[in-house]
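Residues per chain are reported as follows:
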Number of protein chains: 2
Amino acid sequence: MARIADVARAAGVSASTVSYVLSGRRRISAETRERVLQAVRDLGYTPNAAAGALAAGRTRTIGLVAPHCEDLTAAIIQQFVHTIMEVARGRDHDVLLIDPAAGSAALRRVIDSHLVDGVILMDTDETDQRAATLEESGVPAVVLGTPEGTDLPCVDLDFAAAAALAVSHLAAQGSAGVALMSPPELVGPPGKGYARHAVSGFTAAPGPPRTVRVCEPTWPGVEAWLSSVSHDLDRLTGVVVQHEAALPPLLGLLRRHHRDDVTVVPICPSAIARQLESPLDHVEIPVAEMARTAAETLFRQLTHAGHATSHLFEPHLVRAS
Amino acid sequence: MARIADVARAAGVSASTVSYVLSGRRRISAETRERVLQAVRDLGYTPNAAAGALAAGRTRTIGLVAPHCEDLTAAIIQQFVHTIMEVARGRDHDVLLIDPAAGSAALRRVIDSHLVDGVILMDTDETDQRAATLEESGVPAVVLGTPEGTDLPCVDLDFAAAAALAVSHLAAQGSAGVALMSPPELVGPPGKGYARHAVSGFTAAPGPPRTVRVCEPTWPGVEAWLSSVSHDLDRLTGVVVQHEAALPPLLGLLRRHHRDDVTVVPICPSAIARQLESPLDHVEIPVAEMARTAAETLFRQLTHAGHATSHLFEPHLVRAS
DNA sequence: TTGAAAGCGTTACCAC
DNA sequence: GTGGTAACGCTTTCAA
């Protein structure tokens, strides 16, 4: 494989000139540049990443801690990962996976060995050790979620507002009693911020009587959940669902029990709402936008070395078309 | 951050000794090793990955091309990715994501810049350009699926046998007419090998009358599919499903139409079969085992530099418990 | 059992 | 506008 010296020789210039042509960090005469680029093409030269990283002190790689899940949520995560990779590639960076199960140690190892220039941490807890580790390490980083006690830039949907929006949508339809179906991640410690935020937004919003219950994402789990909330409320007419994986069983069971008086408003990505048994009005989780924002917030730190800011997305209601 | 020279100084040895202690590639006296390790701990030394990669000519990183999907299949992919990462970490390697949408060019770039020591390519077509690129590049690699015209080691489930097994299971129950629900990926070019293999195994197996149709993974899509196959067959009593995302709508619609005379046998991971409306006998896709095998096949090439062999998994029927 | 030193292939500073 | 060259931090051969 050709090295930079080979290209330099072929083009009749020095190695540094080749480097500058390729990086564009120096003015090079048009003729010289053309000769160099021709030599690069002729020899099929591709710079050695390790050598570049060693010399320049940056790897052009970002680390990504993505959670591992077994249900419909996996599709969301993938969307996220994919979008982040898109942004990264657009800036000539690569993406290294960091094991979410390995916690702070994995982060420390990857950072200390200088494998990455920055990190995106998904799926943070309310008190997230990894976020603390990240902050203390000093690498550029962005977290998804709203962990407490960190100054790292966060990106998240405003889940309190999202739940409130769902309630007001149901209230406007004249709902008599509304239940929030929360994911098991609500219960901690450590709990997930988004679950807790949704509960507070749900509870605080004006409207009909309400109840909140956690649900297992299985058919029997949803069946049990339904009977619980039916006890909690005089009359159940609306369900706010913050638990994608439970949606197919919920819709199936409501239909089976002929409960078409119950309106379901999920808080979920539109891609998931579209795959359901019946199209539903929903509060959208703008996954791609959030991922893009997270990635761009990271790159802002990598390039301008400027301070990055958090971004809390406003929820929007998407009507079933 | 401490460098190897700092550790060497602190331990009163040379840098090479530190390197050897850490790599274990040379016998070191117990006392020296202890002193070195102590210094490593004291200074919090972590070797610089780029420097190591440059000097040793290997990155301890493997590349992974994982497909991007929007439905239930995403959970399978994640399981795969997660298992591969587990194996990689067990061998002190990291995993770099390679954009599946960027085709051969992405592979070439990653390989030519020596970002990775080997590659795992998922979701190959029957005639896969990327597999060809990979083979020609000469890097250690493993592909999932059975692309034609490559000598790269392949890992896959024997989908022909899997479909045949599903048919024989239905035949044993006295099924009168069986339909295969194929994924849209059946139609090419380029088509997916697994879809084509399933069709041939399905068709060739002895048993009741059969029909094969492709299905869109939506409720209307499945509705349309059901009416097509009902025309094809005198009497539909069994469905072999090679299309995870279509399972929830299929089960929902069969129930809605009170077709409990129809038995559904999916070819899918057990994790997915378990999340369904009703537990189903299914032909298992052993995702974790396949991922593990793929990763280990790659590492066999990385370490022994020996020739790796393909692995076609025998299908097994898993009964709903 | 250990050390010295020559690379590995870039980048970027300092000259010209 | 271009070239020389010293890093970057490690691995590994050669010598002792």
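Residues numbered from 1 in each chain as written. Chains lettered and ligands numbered in written order. Predicted model: local features only at pLDDT ≥ 70, side-chain atom pairs only at ≥ 80, totals over all residues. Heavy atoms only, no water.

### Points about the sheet that holds strand β4 (residues 141–144) of chain B
- The 12 strands lie next to each other as β11(A)-β5(A)-β4(A)-β3(A)-β1(A)-β2(A)-β2(B)-β1(B)-β3(B)-β4(B)-β5(B)-β11(B), forming an open sheet whose pairing is mixed. The strands lining the two open edges of the sheet, one partner per strand, are β11 (311–313) of chain A together with β11 (311–313) of chain B. For this sheet the average axis-to-axis angle between neighbouring strands, irrespective of direction, equals 20°.
- Alignment of strand β1 (residues 61–65) of chain B against strand β2 (residues 94–98) of chain B, held across five bridges, turns out to be parallel. Its bridge partner lying in β2(B), B:Val65 is registered against B:Ile98.
- Contacts from helix α13 (residues 287–303) of chain A reach β1 (61–65), β3 (118–121), β4 (141–144), β5 (154–157) and β11 of chain A, with the element oriented near 160° to β4(A).
- Contacts between helix α6 (residues 103–112) of chain B and the sheet are confined to β2 (94–98) of chain A together with β1, β2 and β3 (118–121) of chain B, with β2(B) contributing the most and set at about 145° to the helix. (Pairing = 2+ DSSP bridges. Helix = DSSP H or I, 4+ residues; strand = E, 2+ residues; numbered from the N terminus. Axes fitted to C-alpha atoms, helices over the stretch in contact; angles between N-to-C directions. Contact = heavy atoms within 4.5 Å.)

### Quick word on the protein's contact with DNA strand D
- In the vicinity of DNA strand D, 26 residues are found, and the nearest of them are A:Thr17, A:Arg26, A:Thr32, B:Ile4 and B:Tyr20.
- Each atom of DNA strand D within 4 Å of the protein belongs either to a base or to sugar and phosphate, the latter forming 58%.
- Contacts to DNA strand D include A:Thr17, whose side-chain N or O atom sits 2.6 Å from a phosphate oxygen.
- Here B:Asn48 contributes a backbone N or O atom positioned 3.3 Å from a phosphate oxygen of DNA strand D. (Near = heavy atom within 4 Å. Polar contact = N/O pair within 3.5 Å; in protein donor to acceptor, adjacent residues only side chain to side chain.)

### A closer look at the relation of the copies chain A and chain B
- Screw-axis analysis of chain A against chain B gives a translation of 0.0 Å along the axis, an RMSD of 0.1 Å, and a rotation angle of 180°. Such values leave the two copies arranged in the relation of a two-fold axis.
- When the interface residues of chain A are mapped onto chain B, 100% of them again fall at the interface, so both copies present the same face. (Least-squares fit on C-alpha atoms with pLDDT ≥ 70 in both.)

### Regarding α13(A)
All names here are of chain A.
- Between the first and last C-alpha of α13 there are 24 Å, a value that for 17 residues agrees with the 24 Å anticipated at 1.5 Å per step.
- Val287, Met290, Ala291, Thr293, Ala294, Ala295, Thr297, Leu298, Phe299 and Gln301 are the residues of α13 that are buried.
- As for α13, its buried residues are in contact with β1, α5 (73–90), β3, β4, β5 and β11. (Expected span 1.5 Å × (residues − 1). Buried < 20%, exposed > 50% of the residue type's maximum accessible area, 1.4 Å probe, protein only.)

### Focus on the UniProt feature "domain: HTH cro/C1-type" (unreviewed entry) in chain A
- Mapped onto this structure's residue numbering, the UniProt feature "domain: HTH cro/C1-type" (unreviewed entry) falls at residues 5–32 of chain A.
- Spanning residues 5–32 of chain A, this segment combines 68% helix with 0% strand, and its end C-alpha atoms are found 15 Å apart. (UniProt positions renumbered as here; feature names shortened; annotations may be inferred.)

### Examining the packing of helix α1 (residues 4–11) of chain B against helix α3 (residues 30–43) of chain B
Residue and element names in this part refer to chain B.
- Their axes nearest at 9 Å, the elements α1 and α3 cross at an angle of 125°. Regarding the angle of α1 to α3, the classification is oblique. Of the two possible hands of crossing, α1 and α3 adopt the one that is right-handed. Touching Asp6, Val7, Ala10 and Ala11 of α1 are Arg35, Val36, Ala39, Val40 and Leu43, all from α3.
- Classifying every residue of the contact of α1 with α3 gives seven nonpolar, no polar and two charged. (Parallel < 35°, antiparallel > 145°, perpendicular 65-115°, else oblique. Left-handed = near helix turned anticlockwise from the far one by under 90°. Nonpolar A, V, L, I, M, F, W, Y, C, P; charged D, E, K, R; others polar.)

### As for the protein's contact with DNA strand C
- Not every one of the 26 residues close to DNA strand C is listed here, only the nearest: A:Ile4, A:Ser19, B:Thr17, B:Arg26 and B:Thr32.
- Backbone atoms, meaning sugar and phosphate, form 59% of the atoms of DNA strand C found within 4 Å of the protein.
- Here B:Thr17 contributes a side-chain N or O atom positioned 2.5 Å from a phosphate oxygen of DNA strand C.
- Mapped by element, the contributors of at least two residues to the surface near DNA strand C are α2 (15–23) and α4 (49–56) of chain A together with α2 (15–23) and α4 (49–56) of chain B.
- Looking at which element gives the most residues to the surface near DNA strand C, the answer is α4(A), with four residues.

### So, the interface of chain A and chain B
- Listed by partner, the interface residues are 44 residues for chain A and 44 residues for chain B.
- Across the chain A to chain B interface the summed buried area is about 4300 Å²; carbon plus sulfur atoms make up 57%.
- Seen at the junction of chain A and chain B, the total is four salt bridges.
- Across the pair B:Arg109 and A:Asp94 runs a salt bridge whose closest N-O atoms are separated by 2.8 Å.
- There are 12 residue pairs in polar contact (both at pLDDT 80 or more) connecting chain A and chain B.
- For the side of chain A that touches chain B, the element with the most residues is α5(A), which contributes nine residues. (Buried area = accessible area lost by both parts, 1.4 Å probe. Salt bridge = Lys/Arg side-chain N within 4 Å of Asp/Glu carboxyl O.)

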